Amino acid sequence: MTFLNAITRRTAVLIAAALLLPAGHAIAADTKVVVGYQTDALPSSVAIANGEFARATGVQIDFRRFDSGADVFAAIASGDVQVGYVGSSPYAAAVSRGLDVKAFYLASISGIDEALVVRNGSGINTVADLKGKRLAAAPVSTDHYQLLALIKSQGLTEKDVQVFAIPQPEIVAGFNRGDLDGGFVWDPALTELKKNGKVLVTSKDVADKGAPTFSAWVASASFAASNPAFLKAFAATADKYTGSFLKDPAAWGPDSEHARALAKLLGGTPATQAAALRNLSLLPARTQATEAWLAGGEKSGVARILKETAVFLQSQRKIPRVLPSYAPFVTPAVVAGLAP
């Protein structure tokens, strides 16, 4: 776990430094906003590729690609990134360590776009076969959280199963060499691992057993307070593409302009990107603006999931403390204005 400890220390240092910055530091509307994204196939990623996010907000946006949510949060903590796409596990870890951010739009919830893939010949046919195996997930990711939760649900510990917290490219390489028996990953690693393995458990399966996750667009609290119009336009654009996919998934097939744009931005082929989109569980803004997700303060689904995740991470000694409340890190204001 040396790599994970290094990531944890680096993130903690950056968060501590960020807490020394003056509160309410605003970014002027005529300057560049830096947005961190990842390799997940999302309908809204088309708006990165075609420039619609920038046109809709009226602001120059520098989109920067990251390999994990932990890296996105480290960049937010350092002040290099103002808005980022992250998963719920690194989100819970970051705010538990003192980083003040606001989730303003949910990109997706637990689905089959993240999964534990086991290598052909590994001897793993059911979750009961995980004991003694070598598994991996990206450090402090939702996949890492769900992998640990899955192991715990089987009455096992990390002494019974070797769990490696390493970046996804290293997971793919180790899996292909036979060094790893399985990896809990998202695309493009998910597609790569399936070539020589099979899906044993999906993120939705683990969520149904009591460990739900989500991915969200978050902004630093100071940026959110100073730039509500930017967040509104950004979320409206994301929701436009979410709605387009939900209304007509066939229009996002392998021969579509959308799939080609995603492949150009994220890699892979239009066919693999179209297939990845079909694995998503998406929520329109009107659903996000309910107590089940972003609204309701302490009762909101997002605040509850963050706290449950933090409790689990603390039990696994991944974070030092659990906060009394995670409601301060969730805002329904942006999506409430979008819901018809």
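Note that the coordinates shown come from a computational prediction; the quantities given were computed from them, not determined experimentally. Numbers given to residues run from 1 along each chain, matching the order in which its sequence is written. Since the coordinates come from a predicted model, pLDDT governs what is reported: local features require at least 70, and pairs of side-chain atoms require 80 or more to be given and counted, while whole-chain, interface and lining totals use all residues. Only hydrogens and water are removed before side-chain values are computed, so all heavy atoms of the structure are retained for them.

1. Here's the deal with the packing of aromatic side chains
To be explicit about the condition: Each Phe, Tyr or Trp ring, with Trp reduced to its six-membered ring, pairs with another whose centre is within 6.5 Å; inter-plane angles below 30 degrees give stacked pairs, above 60 give edge-to-face pairs, and intermediate values give tilted ones. Strands here are runs of E lasting at least two residues and helices are runs of H or I lasting at least four, both read from the DSSP assignment and numbered beginning at the N terminus. Burial classes: relative accessible area under 20% of the type maximum marks a residue as buried, over 50% as exposed, and values in between as partly exposed (1.4 Å probe, protein chains only).
All told, the structure shown has 14 aromatic pairs when counted by the stated rule. Residues phenylalanine 53 and phenylalanine 63 carry aromatic rings whose centres are separated by 5.9 Å and whose planes lie at 45 degrees to one another, so their mutual orientation is tilted. Remark: phenylalanine 63 occurs in strand β2 (residues 61–65) and phenylalanine 53 occurs in helix α3 (residues 52–57); sequence separation between them is 10 residues. An angle of 85 degrees between the planes, with centres 5.9 Å apart, marks the rings of phenylalanine 245 and tryptophan 252 as edge-to-face. Under the relative-accessibility criterion, phenylalanine 245 is labelled buried at 8%. Among the aromatic residues, those joined into a ring-pair cluster are Tyr37, Phe53, Phe63, Tyr85, Phe104, Trp217, Phe223, Phe230 and Phe234.

2. Thoughts on the sheet that holds strand β9 (residues 197–202)
Cut-off, in case you're wondering: Here, a strand pair is defined by DSSP locating no fewer than two bridges between the strands. To obtain each axis, a line is fitted to C-alpha atoms, and for helices this fit is confined to the stretch in contact; angles are then taken between N-to-C directions over 0 to 180 degrees. Whether two residues are in contact is decided by their heavy atoms: any pair within 4.5 Å suffices.
Here five strands make up an open sheet; going across it, the order is β7-β6-β8-β5-β9 and the pairing mixed. This sheet does not close on itself; its edge strands, each paired only once, are β7 (162–165) and β9. Across the sheet, the axes of successive neighbouring strands diverge by a mean angle of 30 degrees, strand direction being ignored. Where strand β5 (residues 114–119) and strand β8 (residues 182–186) come together, five bridges link them in antiparallel fashion. Bridge pairing links leucine 116 to phenylalanine 184 in β8. Helix α7 (residues 168–177) rests against β5, β6 (134–137), β8 and β9 of the sheet, and its axis sits at about 145 degrees to β8.

3. Topic: helix α13 (residues 270–278)
Selection rule: Here, the arc refers to the directions that run from the helix axis to the C-beta atoms.
Gln273, Ala274, Ala276 and Leu277 are the residues of α13 that are buried. Mapping the buried residues of α13 onto a view down its axis gives an arc of 160 degrees, with all of them on the same face. Tucked into the core, α13 has its buried residues touching α11 (228–247) and α12 (257–266).

4. Quick look at the pattern of salt bridges
Here is the rule we go by: Should a side-chain nitrogen of Lys or Arg be within 4 Å of a carboxyl oxygen of Asp or Glu, the pair is scored as a salt bridge.
Enumeration over the complete set of coordinates arrives at 10 salt bridges. With a shortest N-O distance of 2.7 Å, lysine 240 and glutamate 52 are connected by a salt bridge. Taken together, the residues lysine 240 in helix α11 and glutamate 52 in helix α3 connect sequence positions 188 residues apart. On the basis of relative accessible area, lysine 240 is assigned to the partly exposed category, the value being 48%. Measuring nitrogen to oxygen at the nearest pair gives 3.7 Å for the salt bridge that ties glutamate 158 to lysine 318. Here glutamate 158, found in the loop between α6 (142–153) and β7, pairs with lysine 318, found in the loop between α15 (301–315) and α16 (333–336); they are 160 residues apart in sequence, far enough to count as distant. For glutamate 158, a relative accessible area of 28% gives the class partly exposed.

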